[in-house]
Amino acid sequence: MNNDMLTLLKTTYENDSSYILIIDAMRKLIWQNKKHTPFESYSDTPAEILQLPKSGSIPSGDYSYSANGIIYDYHLINVSDEYYIISCSNIPAIYKYLENKYTRENIENELAMTKIESMSISAATARLNDYFEDFEDDHIPPEKLNEQTNIIMHCCARILKKQYLLEEVLRYYKEDELTDEILNCSEIIKSFSENCTNVIGPRGKTKIVFEESDDIYIKASWKRMEYFLLCALLTLRKKYSGIYKLKISYSQIVDEVVINMKLIHTDEELPERPPLLSEFTPIYKDIPTYEIEQIIIRKFLERYNGFIIDSTESKNKFISLRFPAVDTDSELKLASPRKSILGGNIITPYHAILFEISDFRYY
């Protein structure tokens, strides 16, 4: 590429709202306009992040890439096989997909049908367990029958996890589901910690420790925040094997509320107990595993003016969630709502979302 052509391309794309980069035929970066991109902190080269083939011609067209567990789109223009002009979006691809009202309604219909089927199976399993309690057979220990019903319930939880998370994403397109409330952080985080502890169970590999402090307030939806905290906990915990203590604390620094989640490794060993379900090995192992959870986290932060800091502190994984504090002297102080997303179902969102890191037995 000659200097005149490069100067022309710089003039054309320098102020483009998208992240623009120009790569030569050898996949070497020639120029970029340095706009914000989700992968700007990565050590890999742009060609590696965008998964461009190492050699050969790349046809012009639309492609996708993954960063932090979220899929984004990019458009590539092949200029005579000499260089490539690439325009990267920093908006998750799923945002564009869900902008269409009919797409959302179709997803809701599919989710409703599958959810009814899963709930029917779990209800039938509960009834079957009642029969088991009155069933006597010296050749079949009650523990064996309970284990089979627990396996059925755990399979339903695996199915319902996707249901609950997709339903939550769709709620961000319904304004009545997003109403701000003045929330007492102490109350909601205490409730969240207790619910997680009950679902994870005493034999689970995550011990929740809640550090209660003074009452401080933020503006958000109680239910949206519960899902948000579940997704934050899951993405923090799922990456690490072994037994951990998860410390949750909060404080107010000037006009900002800080909620901290710290994952601390312990030397504790739990007695061996076979898992309810065998380990699932995906056919495609490199897909963004946490996409739905990450989208919910991003949606919540966008809607309620928060941001997240992800770091490591003394080899312990640490995330800090930050939100504007509420001045309760100048605003009407509302009673914190006490309706949790637990609901009346046997398999609640807590059971479904946390099933991979819990050891919950229903019976």
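Given the structure is predicted, the values throughout are model-derived calculations rather than measurements.

A. Broad picture of a negative patch on the surface. A cluster of like negative charges, contributed by Asp130, Glu133, Asp134, Glu136 and Asp138, occupies part of the molecular surface. Examined against the element boundaries, aspartate 130 turns out to sit in helix H4 (residues 101-133).

B. Spatial organisation of the side chain of threonine 125. Structurally, threonine 125 is set in helix H4. Owing to a relative accessible area of 4%, threonine 125 belongs among the buried residues under this scheme. Within the local environment of threonine 125, its side chain forms a polar contact with the backbone oxygen of isoleucine 121, the two atoms lying 2.7 Å apart. Leaving out residues up to four positions away in the same chain, threonine 125 has contacts with Thr149, Ile152, Met153 and Tyr363.

C. Region of the structure containing the packing of aromatic side chains. The final tally for this structure, using the stated rule, is twelve aromatic pairs. Taking 6.2 Å as the distance between ring centres and 15 degrees as the angle between the ring planes, the aromatic pair formed by phenylalanine 210 and tyrosine 250 counts as stacked. Residue phenylalanine 210 is found in strand E7 (residues 206-211), and its partner tyrosine 250 is found in strand E9 (residues 244-253); the two are separated by 40 residues along the sequence. Taken together, Tyr19, Phe39, Tyr63, Tyr65, Tyr72 and Tyr74 form an aromatic cluster joined through their ring pairs. Lysine 299 extends its terminal NZ or CZ atom over the ring of tyrosine 95, reaching a point 4.0 Å from the ring centre.

D. Just the layout of surface pockets, in detail. Volume-wise, the second largest pocket comes out at about 750 Å³. Along the wall of the second largest pocket there are 27 residues; nearest its centre are Asn68, Ile70, Gln294, Ile297 and Ile308. Listed by contribution, the elements that provide at least two residues to the lining of the second largest pocket are strand E4 (70-79), helix H7 (222-237), helix H8 (291-303), strand E11 (307-313) and strand E12 (316-324). Ranked by residues supplied to the lining of the second largest pocket, first place goes to H8 with five residues. Of the residues assigned to the lining of the second largest pocket, the class counts are twelve nonpolar, nine polar and six charged.

About the criteria used
- Residues numbered from 1 in each chain as written.
- Predicted model: local features only at pLDDT ≥ 70, side-chain atom pairs only at ≥ 80, totals over all residues.
- Heavy atoms only, no water.
- Patch = residues over 30% accessible without salt bridge, like charges linked within 9 Å, V, L, I, M, F, W, Y side chains within 5 Å.
- Areas by Shrake-Rupley, 256 points an atom, 1.4 Å probe, with all protein chains shown as cover.
- Salt bridge = Lys/Arg side-chain N within 4 Å of Asp/Glu carboxyl O.
- Lys, Arg positive; Asp, Glu negative; His and termini not counted.
- Charge placed at Lys NZ, Arg CZ, Asp CG, Glu CD.
- Helix = DSSP H or I, 4+ residues; strand = E, 2+ residues; numbered from the N terminus.
- Buried < 20%, exposed > 50% of the residue type's maximum accessible area, 1.4 Å probe, protein only.
- Polar contact = N/O pair within 3.5 Å; in protein donor to acceptor, adjacent residues only side chain to side chain.
- Contact = heavy atoms within 4.5 Å.
- Phe/Tyr/Trp six-rings, centres within 6.5 Å; stacked < 30°, edge-to-face > 60°.
- Lys NZ or Arg CZ within 6 Å of the ring centre and 35° of its normal.
- 1 Å grid on protein atoms, 1.4 Å probe; cavity = no way out; pocket = protein on both sides within 12 Å on 5 of 7 lines; lining within 4 Å.
- Points joined across faces, edges and corners; volume = space filled by probe spheres on them.
- Nonpolar A, V, L, I, M, F, W, Y, C, P; charged D, E, K, R; others polar.

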